[in-house]
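Listed below are the residues making up each chain.
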Amino acid sequence: MSYRLSALSRALRAAAARGHDATPAPVRRVLARPAAHSAALLVTATALLALWGPLSYNGYVLQLVCLYAVATLGLNITTGYAGALSLGQGASFAIGAYVTAVLVVSHGWPIWAALPVAALAGLAAGALAGFPAGRLGAIGLAMMSLGLMLVVNDMLIQFQSVTGGNNGLAGIDARLWFGGEPVSTPWVVAIVIVVVASVSYWLHARYRTSRLGRATVAVRDEPIGASALGVSGYLTKVVAFAAGSALGALSGGLFSFLSAYISPDAFSSNLSILFLVMVVLGGSGSRLGPVVGAVLLVLIPLRLDAYPHLNNLLYGALLIVLMRLRPRGLFSRTAAPAPQALRDLAATPEVEVPERAPGEPILKVTDLRRSFGGVDALGGVSMELRRGEIVGLIGPNGSGKTTLLNVVSGHYPPTAGRITLHGTDLGGLGAAAVAKRGVSRTFQTPKTFPGMSIEEHLALPAVHGERDEAMRDACRRGALTLLELGGLDPHDPAAGTRESRVMSHGQLRFLEAAMALGTCPEVLLLDEPAAGLSAAEIEGFERVVSDVAAAGVAVVIVEHHLDMISRLVDRVVVLDLGTVLWEGEPGDLHSVDSVRAAYMGVA
Amino acid sequence: MNGGRLKVDALRVRYGGVTAVEDLSLTVEPGTCLALLGANGAGKTSTLRGIGGLESAGGGIWLDDLRLDNLPASRRARAGLGHVLEGRHVFKSLSVAENLRVAAARAAHKPELDPLDLLPELRPMLQRLAGGLSGGQQQMLAIARAVAGAPRVIMLDEPTNGLSPKLVGRTIEILADLRDAGFAVLLVEQRVEVAQKLEADVVVLRHGHVAHRVRGTDPELPDLLQAAYLS
Amino acid sequence: MDEFLQTVLVPGLADGAIYGLVAVGFATLFTTTGVINFAHGQMVMLMPMSVLVAVGAGLPVWLAYVAALAVMVVVALTVEWTAVRPFVQSGQSASWLLSTLAVSVVLAELLAVPYSGESRNFTYGVSKHRFDLAGLAVSPAELTAVAALFVVAGLLVVFYRRTRIGLELRAIADDLDGAEAIGISRARASQIATVLSALVAAVTGVLVASTQLVTPSLGLSYTFYGFVATAIGGMGSIGGAVAGGLVIGVVSQFAGVHVGSLTVNLTVFLLLVVVYVVRPHGLFGAAPVRAV
């Protein structure tokens, strides 16, 4: 089963690639735009509608698919982009449906005014739920959204005077003006549904390619790595919740108009799960997947209507099988285009590399301590780092090197001591705030974003604060060289589509370092950058580090390759058991007995 | 008789696309100690995890005549492969006594060497929670726990890491006791000193390959090692 | 005051005991496997439903209970194999969340098959006829629920502290690698924890059915209530589950009596929001150490 699926998807992908190659580049660029997909959706749906007529059975199904797609696209923002598994999309749908119904039935609002208000209500509900929910892990979020759904169902019955209780609301007709007569043609509702669906698709795709959308996906894939680039997670989740819920409510509003009668029965908990299965089946986080999920899961169940129970059993079984065999859904590609970043990078001029000359001290660490459950990982470390200087930080395993980097970069708060950058205190700031002040870093295991393309990775880092032109160019040039070293040619069209989940460890290392340089940092912290690299790659890496240091970036490098340390750094700091054991020129390292003893156990 | 012979043939360990260990063969006889030395990232820990079954690995692994490589980690342990993991991995919310008890309960037979005879310093802290012990004490507990499981081969991953010089000395004593009690001891270390004092056979790893095989008593070992570190 | 005791405290504690039992069931599975079973509420409903079906098929009541327990164990092992084991201590919460949710959908639908989803009266449990106890009208079912909560929680605590298997489950929960390195099988531990959790669900189910009608569609609500109890008490803590369950039982009963029966879910939901805002790791849980 899994073999056949993958063979099929391979064949499809090969066919797509052939088609891709045969299309001229300008046409390809137009076809890749969300607006093109959106227009295609609109034209196809309108044509089918014209063919079948909005009142026919097929026409009704088409409208149902379109409006469900809107809710599914919204849920894809919350669950796919932000990674927040929500069981509450049914609640947003119900809120939108009832707000619309009440405005239309009780107050005679026109369709063009009722639907935006429904979306706003969904937005507000989503934001309200998102503020506490954005701080939660996946489990808390899922449970909270489940609770929200139960509550909304109760409220529909509770506020009987407004919602009609169990009897529901009837006579939800489209009007063109406040208090006007209901329009007699079904075309108004049909056209509105189709147009809203295609506009929703465009909005949802634009969301993904926007700066916010990119940050959202980065936080989903690797929150720690995102924070090291100055991207903080909380707001991206709240906004995704609100936006997803707004589309869910809009979809509910359309549902009200399509069915003209609603009651609480239509909004059971299974509806939320259905939306979730649509997203997961289509491909959570991909742009086209949710639409396909909605189409499949409206059409298939209609064929099974004759057999009771079978539909829900099918959803459940499908989800179980999916999680085992194809957990990322039918459309598993989630990368989105971000060509500007690559173009900018590729256009960086050659730079003149000045002589390396460490300048004034910029980062100062004073008596820094950090303990974990009573064990001192750092027992009072003091050191200074000068502009343009490269310091090698070495020591045996568990000596506190990585902890020192983590405390300086804001990933762990210090237990005691001070960290200052240009005299301002960094202690107690979060990782994203520290990154924004010009401290960038890499990790022992590269923290990259598996669902993003190479170009998207490079579009993530932003330069905060003032940097002189030469330093900026040197950083860019360095990033470019790193990419080339990793075989990630920015001129290769694959850079726009290749996701980092399929890249090798070494490539991820270069990509991560290129991102760190993308922020044009004042201080660059590198945690074992050479691990797993070949001799030639290490040499190239060294040259880049040396060049950016010459341009003024201060570098701390944790490394076990002592030869690399001795070639590259101006100064070595040896840590042992959380304190500075020795500090001096790399050339003197091998002659110091205490260092040999601590580091290699050579007596 | 405590010991058994561990034989590893053409071990290969990969993570994702990266090869951590390639074509590594070694044999540890009962009553002897073999030390794997090398810089960080040379593949030492991956070797032990591959042998222990915590990482999927290719190649053949035998404990005496029993083939281990197609068994899950828990079955290998019950067959007599003791493994003191890097980072200790004691059960923090269990007491010291419970840590030992849970290991003994899974053992194939009663251990011939009582872990508390080997490590009498644990006796006064039997009722304390393992999570409240110092790093050195946790290391001792990790060794005792492996012994409680009645192993025939004991693998230890950087047992001296992060310990004070005094405790490093004590650890070397314990390792010597284990070897002399007849266990086959496979040791991963960063400190040459340990291998030297134990007079172990040494395999120096570099980038996942065997760089040298020497005796721990070989006077050239520190230089060989320094060369391997500096690659 | 008497009125409060009679209308809020007695039924509140009885309901709370059931929510506490659901939370204990969560904790049993979660501590060992790191998985929260969204289908646990359905497992609770599965027990009385199986008894009803078995009795309906003509079995004597005692045999119906045996058959129902067998069903619980078989279903638990199937759930374990499909939705728990692949994700034991993996940290991939989205995967097990969706898997167990899927199981929940399937079970809910299967539960709706025998009596077309209608509520049924269950007369094979503990009597719900109230009698006078020190001036309060209480039913044996209510008393049994509260007693069962403490007995089950107590037995589990003893099991984890005193038995070899209990110790092994705690070892797995503490450190998966360390446990495998001393010969504890993760697959077996995951199976044992799932079956244990299903047995807790079986007790819960009989008590639910003894105090109210068997309604298949309530499974997800019980999952939610049990989770809120877990959130209040702290993830994985059995004592916390007991306390959390009793708290939401009494608070929701109070809201139901004094505000309106449809505000019960709302009250429990608000309780969850408050707990998350004030103390995200529960009243008894410890904040996890952040790892880079």
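Given the structure is predicted, the values throughout are model-derived calculations rather than measurements.

What follows concerns the side chain of Ser99(C). Residue placement: Ser99(C) occurs in helix H4 (residues 93-111). In this structure Ser99(C) touches Ile320(A), Met323(A), Ala83(C) and Phe87(C), once residues within four positions along its chain are discounted.

On to the interface of chain C and chain B. Between chain C and chain B, the contact holds 19 residues from the first and 22 residues from the second. Both sides together, the interface formed by chain C and chain B hides about 1800 Å², and carbon and sulfur atoms give 56% of it. Connecting chain C to chain B are 3 salt bridges. The partner of Arg170(C) in a salt bridge is Glu98(B), and the shortest N-O contact between them spans 3.4 Å. Where chain C packs against chain B, one counts 8 residue pairs in polar contact (both at pLDDT 80 or more). Partitioning the side of chain C that touches chain B into residue classes produces 6 nonpolar, 3 polar and 10 charged.

Moving on, we get to the sheet that holds strand S6 (residues 81-84) of chain B. Residues and elements named next belong to chain B. Overall, mixed pairing links the 6 strands, which are arranged S6-S7-S8-S3-S9-S10 in an open sheet. Strands at the two margins of the open sheet, each flanked by one partner only, are S6 and strand S10 (209-215). The sheet shows a mean angle of 15 degrees between the axes of neighbouring strands, taken without regard to direction. With 4 bridges connecting them, strand S3 (residues 33-37) and strand S9 (residues 201-206) associate as parallel partners. Residue pairing across strands places leucine 36 opposite valine 203, the latter belonging to S9.

Residue and element names in this part refer to chain C. As for its position among the elements, serine 139 is in the loop between strand S2 (136-138) and helix H5 (140-162). Serine 139 gets classed as buried once you look at its relative accessible area, which sits at 2%. Setting aside its immediate chain neighbours within four residues, serine 139 contacts Ser127, Lys128, His129, Arg130 and Phe131.

All names here are of chain B. Counting buried positions along strand S8 (residues 184-189) gives 6 out of 6 residues, so the element sits mostly inside the fold. The side-chain alternation of S8 yields two buried faces, one formed by Ala184, Leu186 and Val188 and the other by Val185, Leu187 and Glu189. When S3 meets S8, the two strands line up parallel, connected through 5 bridges. Its bridge partner lying in S8, cysteine 33 is registered against valine 185. With 5 bridges joining them, strand S7 (residues 153-157) and S8 adopt parallel strand pairing. Bridge pairing in S8 places methionine 155 opposite leucine 186.

Here we take up the domain arrangement of chain A. Residue and element names in this part refer to chain A. Each assigned domain of chain A is listed here: domain 1 (35-263) and domain 2 (341-600). Each of domain 1 and domain 2 has a C-alpha centre, and the two are 44 Å apart. Contacts between domain 1 and domain 2 engage 18 residues on the former and 22 residues on the latter. Both sides of the domain 1 and domain 2 interface together cover about 1600 Å² of buried area, and 66% of this is carbon and sulfur. On the domain 1 side of the contact with domain 2, Arg214, Ala228 and Leu229 bury the most area, a combined 36% of that side's loss. Between domain 1 and domain 2 we count 1 salt bridge in total. Taken together, the links from domain 1 to domain 2 amount to 5 residue pairs in polar contact (both at pLDDT 80 or more). Among the secondary structure elements, those contributing two or more residues to the side of domain 1 that touches domain 2 are helix H10 (211-221) and helix H11 (223-228). Here the side of domain 1 that touches domain 2 gets 7 residues from one element, more than from any other, and that element is H10. Taken together, the residues that form the side of domain 1 that touches domain 2 break down as 8 nonpolar, 4 polar and 6 charged.

Conventions we followed
- Residues numbered from 1 in each chain as written.
- Chains lettered and ligands numbered in written order.
- Predicted model: local features only at pLDDT ≥ 70, side-chain atom pairs only at ≥ 80, totals over all residues.
- Heavy atoms only, no water.
- Helix = DSSP H or I, 4+ residues; strand = E, 2+ residues; numbered from the N terminus.
- Contact = heavy atoms within 4.5 Å.
- Buried area = accessible area lost by both parts, 1.4 Å probe.
- Salt bridge = Lys/Arg side-chain N within 4 Å of Asp/Glu carboxyl O.
- Polar contact = N/O pair within 3.5 Å; in protein donor to acceptor, adjacent residues only side chain to side chain.
- Nonpolar A, V, L, I, M, F, W, Y, C, P; charged D, E, K, R; others polar.
- Pairing = 2+ DSSP bridges.
- Axes fitted to C-alpha atoms, helices over the stretch in contact; angles between N-to-C directions.
- Buried < 20%, exposed > 50% of the residue type's maximum accessible area, 1.4 Å probe, protein only.
- Domains from an automatic or database assignment.

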